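Examining the three-dimensional arrangement
Here is how the chains run, residue by residue.
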Amino acid sequence: MKDRPLRCWAEIDGSALRHNLSVVRSRIPQETKLVAVVKANAYGHGLVPVAKELVEGGADVLGVSNVEEAAELRAGGVAATPILLLSACLPGEFPQVIECRAWPTISTYEEAKRLNAAAQKSGRRATAHFKIDTGMGRLGLWGAEAIKELKRSEKLPAVGIEAVCTHFSSADEDPERTEEQWRELMRWRPHFADKPLHVANSATLWRKTVYACSFVRVGLALYGLPPMPFLRRLLRPVMSWKTRITLLRHLSAGRTVSYGATYLLRKAQRLATLAVGYGDGYFRALSNRAQVLVHGNRCRVRGRVTMDQTVVDVSSAAGCKVGDEVVLLGAQGDLVIHAEELARIAGTIGYEIVTAVGMRVPRIYREFLSLPQGSRISAKPNLRRTGSRQPRLSTSEGLPDRSRNARSPHA
Ligand SMILES: *Cc1c(COP(=O)(O)O)cnc(C)c1O
């Protein structure tokens, strides 16, 4: 069991994560608090280990989508760091919000009242951040209506509105629209002049430092995905995604590959079958178009990606054999496949490529100061056969020789 090879896995590089964290830090004023966004399983990288590493590296607050993710962080041992909830809470969730000491993002007096009721019931005081819509059109009310709700919410005895925030719709593509949204927020600023503000996501940090405010909410850049193409060279990808060759065959001209027989061999080829498919998050839209790295060569996907298996042309990868490692995302030798490349082919964005890496794909943590070397944590802990709810750590080799000297300067 212990020596069983991995079929398809993701390696998560702690040193790249800390590098990106320090790049982000260098973009913001020292007193600005960094909300490290770890929603959706830390964009597919693994919620608890990534959150802990970011906290060790100096993140001030963790940003998640909802109270379930907040509870997972608390259960996973993130005890003291504040947690900001970025999505709206359901009415029934407020008791758990209090329980987790999370900060909900609220848009209305209605939500504030529910939070207040839950806080009073548990004898605690709650903190909330208040969102105003300036053009994102997802959370928050506009202008005067928002101010009215904010003022009423501020009178509630068990709720403290600690910050006001908004979200940009087009930070990565439209500086003018972003500037307009900022001006709209500033128009109403006199009504909450005493409150800390936050508006910025990753892309915004490279637009204008004034957007940094009291907090910034940064996800993408921490994972080494560039919000704008020119940032590619500044950031290091944190996730590498790998699989293995399960079978090698020579097929002759005239044969076809995979469902729908969409690929017809014009000449004989050496084809490798890989242990990855859309069931692992390798999108079917990559069929016949994406490339993978085998023995330092770019090799093309042939035919349709199926649920569990994908076929590639390894005619150019002379020495490859069954069991060899294949890179779907990440570097091999001098070659690298970035999430942006797969995103372009699949007609999506890098966020979706990494976030979609499936539950079946174990994450292997390398160079995490907060974990033993090579720690392996199943992607979705509650799917483990043990039925355990907690991420269980199994260390195969090399025990914690953790030199803490290498910590980020911002620790
Ligand atoms: C996800 C999210 C962020 C982080 O955005 P990135 O582009 O990944 O930096 C910031 N703010 C809100 C409200 C979010 O939902």
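In this text the structure is predicted, and so the values were computed from the model without any measurement.

**Overview of the pattern of salt bridges**
Scanning the entire structure with this criterion turns up 17 salt bridges. Notably, a salt bridge pairs K208 with E179, separated by 2.8 Å at the nearest N-O pair. On the criterion of sequence distance, the pair formed by K208 in the loop between α9 (202-205) and β10 (215-218) and E179 in helix α8 (residues 175-188) is long-range, its members being 29 residues apart. Residue K208 is classed as partly exposed on the basis of its relative accessible area, which comes to 33%. For the salt bridge of D324 with K321, the shortest nitrogen-to-oxygen distance reads 3.1 Å. Salt bridges sharing common partners tie together E11, K242, E325 and R366.

**A word on a positive patch on the surface**
On the surface, a cluster of positive charge is contributed by K113, K148, R152 and K155. Relative to the assigned elements, K155 resides in the loop between α7 (143-154) and β8 (159-165).

**A word on the site of the ligand**
The immediate surroundings of the ligand are formed by 14 residues, with K39, Y43, S202, L220 and Y351 found nearest. Between an oxygen atom of the ligand and a side-chain N or O atom of S202, the distance comes to 2.5 Å. Within the backbone of L220, one N or O atom sits 2.8 Å away from an oxygen atom of the ligand. Summarising the interface, the protein chains cover 94% of the accessible area of the ligand, which totals 390 Å² for the free molecule. Here the ligand is seated within the second largest pocket. Residue assignment for the shell around the ligand shows that the elements contributing at least two residues are α2 (39-43) and β10. Grouping the constituent residues of the shell around the ligand by class yields six nonpolar, four polar and four charged.

**Focus: the environment of P82**
With respect to the secondary-structure elements, P82 resides in the loop between α4 (67-75) and β4 (83-85). Spatially, the C-alpha atoms of P82 and R289 are 43 Å apart, while their sequence positions differ by 207 residues. Discounting chain neighbours no more than four positions away, the residues touching P82 are D60, V61, L62, R74 and W103.

**What to know about the side chain of S107**
Locating S107 in the fold gives a position in the loop between β5 (102-106) and α6 (109-122). For S107, a relative accessible area of 7% corresponds to the buried category. Of the polar contacts made by the side chain of S107, one reaches the backbone nitrogen of G140; its length is 2.9 Å. Leaving out residues up to four positions away in the same chain, S107 has contacts with F130, K131, L139, G140, L141 and E149.

**Overview of the pairing of strand β2 (residues 33-37)**
For β2, the buried fraction is high: four of the five residues fall into the buried class. With four bridges joining them, β2 and β10 adopt parallel strand pairing. Considered in β10, the bridge of V35 is made with R217. As paired elements, β2 and strand β3 (residues 61-64) share three bridges and run parallel to each other. Bridging across to β3, V35 finds its partner in V61.

Scoring rules and cut-offs
- Residues numbered from 1 in each chain as written.
- Predicted model: local features only at pLDDT ≥ 70, side-chain atom pairs only at ≥ 80, totals over all residues.
- Heavy atoms only, no water.
- Salt bridge = Lys/Arg side-chain N within 4 Å of Asp/Glu carboxyl O.
- Helix = DSSP H or I, 4+ residues; strand = E, 2+ residues; numbered from the N terminus.
- Buried < 20%, exposed > 50% of the residue type's maximum accessible area, 1.4 Å probe, protein only.
- Patch = residues over 30% accessible without salt bridge, like charges linked within 9 Å, V, L, I, M, F, W, Y side chains within 5 Å.
- Areas by Shrake-Rupley, 256 points an atom, 1.4 Å probe, with all protein chains shown as cover.
- Lys, Arg positive; Asp, Glu negative; His and termini not counted.
- Charge placed at Lys NZ, Arg CZ, Asp CG, Glu CD.
- Near = heavy atom within 4 Å.
- Polar contact = N/O pair within 3.5 Å; in protein donor to acceptor, adjacent residues only side chain to side chain.
- 1 Å grid on protein atoms, 1.4 Å probe; cavity = no way out; pocket = protein on both sides within 12 Å on 5 of 7 lines; lining within 4 Å.
- Sits in = over half its atoms within 2 Å of the grid points.
- Nonpolar A, V, L, I, M, F, W, Y, C, P; charged D, E, K, R; others polar.
- Contact = heavy atoms within 4.5 Å.
- Pairing = 2+ DSSP bridges.

None of the figures reported here should be taken as evidence of function without further support.
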